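Structural features, examined
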Amino acid sequence: MQYAPDYPFKKLDFGETLEVAPGIHWVRMPLPFALNHINLWLLEDNAGWTVIDTGYNVKKIRDIWDDAIDRIAAGGPINRTIVTHFHPDHLGLAGWFEEKRMAPLWMTYAEWLQAHVAVSETLTHDFDRWIEFYRDNGAPEKMTAGFKEVREAFKDPWYRLPETVKRIQDGEKIEINGRMWNVITGGGHSHEHASLWCPDMNILIAGDQILPRISSNISLWYTEPDGDPLRHYFNSFEKFRHLPDDVLVLPSHDYPFRGLHGRLDDLRAHHQIRLDAALDFCSEPQTATDLIPSLFSRDIGVFEFGFALGETLAHLNYLVTDGYLERRRDDDRIIRYRPAV
Ligand SMILES: [Zn+2]
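Residues numbered from 1 in each chain as written. Predicted model: local features only at pLDDT ≥ 70, side-chain atom pairs only at ≥ 80, totals over all residues. Heavy atoms only, no water.

**Quick look at the overall build of the protein chain**
- When helices and strands are tallied, the protein chain shows eleven helices and 14 strands.
- A compact globule built from 341 residues should have a C-alpha radius of gyration of about 20 Å, and the protein chain, at 20 Å, falls within 12% of that.
- With respect to the three principal axes, the spread of C-alpha positions in the protein chain is 65 × 45 × 35 Å.
- The buried share of the protein chain, taken over its 341 residues, is 55%.
- Of all intrachain contacts in the protein chain linking residues separated by at least 6 positions in sequence, the fraction that spans at least 24 positions is 64%.
- The protein chain carries 36 positive and 52 negative side-chain charges, and their two centres are separated by 1 Å. (Helix = DSSP H or I, 4+ residues; strand = E, 2+ residues; numbered from the N terminus. Rg over C-alpha atoms; globule rule 2.2 N^0.38 Å. Buried < 20%, exposed > 50% of the residue type's maximum accessible area, 1.4 Å probe, protein only. Contact = heavy atoms within 4.5 Å. Lys, Arg positive; Asp, Glu negative; His and termini not counted. Charge placed at Lys NZ, Arg CZ, Asp CG, Glu CD.)

Here it is as structure tokens:
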């Protein structure tokens, strides 16, 4: 059955806003990537406002925020920012809101720590180690050589990271404008991604955990060679299964939609096709790089390579955990996947 989401609102232009439910404003912001936009949310909150996800750190986006806050919120005040996860299109301007508008950051602790690791370019964000990891998984020279340039092109995606955080946790209820919102955390796309569900309003602010058209990037990182992020991602679906099917889902990319359960089924099926293709492809020893064209129909350039390789490895490791494949480093130091014996 073909999944057909219901999109109840018209498409917005960059910088345009729309009140999608009483006191909940959709702010559509540009992004300097192929994925050229992000949806951010400005919520009426008692005598002030709560910002959910903040946008990437470029001046144009800061200007759009100033304009939207003037127009919708008569200049503020902004009580807080709540950020779904550490990726800079979501967290980029939290420090700006803190500095300019005295808005504290609310976030899960793993995401906040991950952001600080990323900024320090250590551990998960040691880029020499990433290149080594790509090479070990069969990346050709042209992909590894261009990696640092790509990185340089996207410098300083965070305005400044807040040094303090108000920690939010799975199952916690957050009061916004007299209504309770449940925090639902999930892994796969990032370690402790937070979505927010308001049963009273039947609204789910889904972040990147559930998107209506594209699938979120689910990547293995070199710091966890045995990691199984795809399984964490699937496990998170169970936390959304008890929500009503007609919940209005506010995702970070594309458009608000209804049809949550169909979309969860669709995402599971999408990944299953890739798992089947990966298993089929690895009947002989193969590198993850060799497998990429079987999983991605589009051309993969230097910018997309890291995402594509990470996602391919996530599928391979899922099959390793389930006992179908074996991962082994051969004498040439290259890691290959083959049928488990
Ligand atoms: Zn993300």
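There is more to say after this.
**Things to note about the nonpolar core**
- L91, L204, I210, L260 and L316 are the most contacted members of the largest nonpolar core, which totals 61 residues.
- Counting 24 residues, the second largest nonpolar core, distinct from the first, contains V20, I24, I52 and W181. (Core = buried A, V, L, I, M, F, W, Y, C linked by side-chain atoms within 4.5 Å.)

**Observations concerning the coordination of the zinc ion**
- Note on the zinc ion: its protein donors are H85 (NE2), H87 (ND1), H189 (NE2) and D208 (OD). The metal-donor distances range over 2.1 to 2.2 Å.
- The site at the zinc ion holds four donor atoms, and with the angles between them running 88 to 176°, its shape is irregular.
- For H87, a relative accessible area of 17% puts it in the buried group.
- D208 gets classed as buried once you look at its relative accessible area, which sits at 4%. (Donors = N, O, S within 2.8 Å, 3.2 Å for Na, K, Ca; no water. Tetrahedral: all angles 85-135°; square planar, octahedral: opposite > 155°, others 65-115°.)

**Some details on the sheet that holds strand β9 (residues 179–186)**
- Here we have five strands laid out as an open sheet, ordered β8-β9-β10-β11-β12, and mixed in their pairing. Each end of this open sheet is capped by a strand with a single partner; those strands are β8 (173–176) and β12 (248–251). Strand-to-strand, the axes of this sheet are offset by a mean angle of 25°, without reference to chain direction.
- Both β9 and strand β10 (residues 193–198) contribute to a ladder of five bridges, which runs antiparallel. Counterpart to I184 in the pairing with β10 is S195. (Pairing = 2+ DSSP bridges. Axes fitted to C-alpha atoms, helices over the stretch in contact; angles between N-to-C directions.)

**Focus on the sheet that holds strand β5 (residues 78–82)**
- Pairing is mixed across the open sheet formed by seven strands, whose spatial order is β1-β2-β3-β4-β5-β6-β7. The sheet is open, and its two edges are formed by β1 (17–21) and β7 (166–167), each paired on a single side.
- As paired strands, strand β2 (residues 24–30) and strand β3 (residues 37–45) are joined by seven bridges and run antiparallel to one another. Bridging across to β3, R28 finds its partner in N39.
- Of the strands in this sheet, β1, β2, β3, β4 (48–52) and β5 are in contact with helix α1 (residues 59–73), which crosses β2 at around 160°.

**A word on α1**
- Over its 15 residues, α1 extends 20 Å from the first C-alpha to the last, a length consistent with the 21 Å expected when each residue adds 1.5 Å.
- Turning to α1, its buried residues number three or more, namely I61, I64, W65, A68, I69, I72 and A73. Across the axial projection of α1, the buried residues extend over an arc of 130°, all falling on one side. In α1, those exposed residues whose orientation departs by more than 90 degrees from the buried face are K59 and K60.
- Residues of α1 that are buried sit in contact with β1, β2, β3, β4, β5 and α3 (94–101).
- Two residues or fewer after α1 comes A74, characterised by a positive phi angle close to 50°. (Expected span 1.5 Å × (residues − 1). Arc of directions from axis to C-beta.)

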